[in-house]
Amino acid sequence: MCGALVLAQTAPSNPNQIPAGMKLIPAGEFWMGRVHFFLVDAVGWFERERQDDFPAHKVTLDAFFIDTTEVTDEQYAPFAAAKNIKKPWHWPHGEIPKGEEKFPVYNVDWNEAKAFCESQGKRLPTEAEWEKAARGGLDRKKYTWGDTETGTPETPGETGGRRGRGAQSKSPANAASKGPVAVASFPPNGYGLFDMAGNVWEWVNDWHQTNYYSISPLKNPQGPATGEYKVFRGGGWIDTDERNQMPSFRNYTDPLQKSPTIGFRCAKSIQ
């Protein structure tokens, strides 16, 4: 067991060992959950279920890989054809809409997302892995780019804006918009990952449980063993509430749900 643990925590020293289209997220601890409070917390406007990102707690993760971008239409299409899986309903005649090859795939349920990742020798990220990756090394910040709520997408750092297609000051999403855009249309976060806030929400592996953070293991949490709903993260193109864009924000739905605002990206363990 000790040898396996050391192996799992050892990051590849050769950049060529990092799978194409993925980034290495280093081993270590981070603060998972929300450390910021809003007026609606104080006056009790949130239902208990919308406070499921409390308590914030330190989590230690082994190193892992995660896709640089959300899975795109052109990546998903060969898989759907090979597995005879029903194409996303918004594809006319089962074909990718013209000009949307590099758009994130959506209208796929959790099972289809999981099957795609497995077909690539990958898996869906755990909720903890997704949140650490989304934070981009900025621990306990409100957003993937820092604490500032608004700004321009072109300007990085604390004075910059949302690095994704969420409620950005210069994004069509502010006008509730028309849908997602091509992946990597906005600058990456600190780990080199695109669209960790906005564009489409992303399925993760975990079942949802309201009080899970109070009982979660402090190392490599995998989520509850069973449940009714699956978690998805990251905010979508239609969301105008900045809280939805926070890396700590948790959302959940039936794993069979297909939505024009939910896509996914894959992760991979280090062998």
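Presented here is a report on the structure given in the accompanying data block. (Residues numbered from 1 in each chain as written. Predicted model: local features only at pLDDT ≥ 70, side-chain atom pairs only at ≥ 80, totals over all residues. Heavy atoms only, no water.)

### What to know about the pattern of salt bridges
Between side chains of opposite charge, pairing is possible as soon as their charged atoms come close.
So, point 1. Taken as a whole, this structure holds 14 salt bridges when the rule is applied.
So, point 2. When the shortest N-O distance is used, the salt bridge between Lys114 and Glu118 registers 2.7 Å. Here Glu118 and Lys114 lie together in helix H4 (residues 110-119), a separation of four residues that amounts to about one turn.
So, point 3. Taking the relative accessible area as the measure of exposure, Lys114 reaches 28% and is therefore partly exposed.
So, point 4. Accessibility expressed as a relative area gives 45% for Glu118, which makes it partly exposed.
So, point 5. If you follow the salt bridges from partner to partner, you end up with Asp52, Glu127, Glu131, Arg135, Arg233 and Arg250 in one network. (Salt bridge = Lys/Arg side-chain N within 4 Å of Asp/Glu carboxyl O. Helix = DSSP H or I, 4+ residues; strand = E, 2+ residues; numbered from the N terminus. Buried < 20%, exposed > 50% of the residue type's maximum accessible area, 1.4 Å probe, protein only.)

### Here's the deal with the sheet that holds strand S9 (residues 267-269)
So, point 1. Sheet architecture is open: three strands sit in the order S1-S4-S9, paired in antiparallel fashion. Whereas interior strands pair on both sides, the edge strands pair on one side only; in this sheet they are strand S1 (22-25) and S9. Direction aside, neighbouring strands of the sheet carry axes that sit 25° apart on average.
So, point 2. In this sheet, strand S4 (residues 64-67) lies alongside S1 in antiparallel orientation, the contact comprising four bridges. Across the sheet, Met22 pairs through a bridge with Asp67, a residue of S4. (Pairing = 2+ DSSP bridges. Axes fitted to C-alpha atoms, helices over the stretch in contact; angles between N-to-C directions.)

### Considering the packing of aromatic side chains
So, point 1. One pass over the full model with this rule turns up 10 aromatic pairs.
So, point 2. Note on Trp201 and Phe232: the rings are 5.2 Å apart at their centroids and 85° apart in plane angle, and the pair reads as edge-to-face. Here Phe232 lies in strand S6 (residues 230-233) and Trp201 lies in strand S5 (residues 201-207), a separation of 31 residues in the sequence. There is no split in this pair, since Trp201 and Phe232 are both buried.
So, point 3. Relative to Tyr252, the ring of Tyr229 lies with its centre 5.6 Å away and its plane at 45°, an arrangement referred to as tilted. (Phe/Tyr/Trp six-rings, centres within 6.5 Å; stacked < 30°, edge-to-face > 60°.)

### Describing the environment of Asn244
So, point 1. Along the chain, Asn244 falls in the loop between S6 and strand S7 (251-253).
So, point 2. When the C-alpha positions of Asn244 and Gly234 are compared, they lie 7.0 Å apart, and in sequence the two are 10 residues distant.
So, point 3. Setting aside residues no more than four positions away along its own chain, Asn244 makes contact with Trp201, Gly234, Gly235, Asp239 and Phe249. (Contact = heavy atoms within 4.5 Å.)

### Let's talk about helix H5 (residues 127-135)
So, point 1. In terms of burial, H5 is largely enclosed, as nine of its nine residues are buried.
So, point 2. Residues of H5 that are buried include every one of Glu127, Ala128, Glu129, Trp130, Glu131, Lys132, Ala133, Ala134 and Arg135, and no others.

### Let's talk about the packing of helix H3 (residues 73-82) against H4
So, point 1. Two numbers describe how H3 lies on H4: the axes approach to 11 Å, and their chain directions differ by 90°. When the interaxial angle is binned, H3 and H4 end up roughly perpendicular. Within the contact between the two elements, H3 uses Gln75, Tyr76 and Phe79 and H4 uses Glu112, Ala115, Phe116 and Ser119.
So, point 2. Looking at side-chain class alone, the contact of H3 with H4 contains four nonpolar, two polar and one charged residues. (Parallel < 35°, antiparallel > 145°, perpendicular 65-115°, else oblique. Nonpolar A, V, L, I, M, F, W, Y, C, P; charged D, E, K, R; others polar.)

### With respect to the sheet that holds S7
So, point 1. Taken in spatial order, the four strands make up an open sheet running S7-S6-S5-S8, and their pairing is mixed. On the outer flanks of this sheet lie S7 and strand S8 (262-263), each paired with one strand and no other.
So, point 2. Of the strand pairs in this sheet, S5 and S6 are connected by three bridges, and their pairing is antiparallel. For Glu202, the partnering residue across the bridge sits in S6 and is Arg233.

### Things to note about the nonpolar core
So, point 1. Ranked by internal contacts, the top residues of the largest apolar core, which has 21 residues, are Val71, Tyr76, Val105, Phe116, Trp203 and Phe264.
So, point 2. Elements supplying a minimum of two residues to this core: H3, H4 and S5.
So, point 3. Those residues in contact with Tyr76 that sit more than four places away from it in its chain are Val71, Ile85, Pro88, Trp91, Val105, Val108, Glu112, Phe116 and Phe264.
So, point 4. Formed by 19 residues, the second largest nonpolar core is a distinct cluster that contains Met32, Tyr212, Val231 and Ala267. (Core = buried A, V, L, I, M, F, W, Y, C linked by side-chain atoms within 4.5 Å.)

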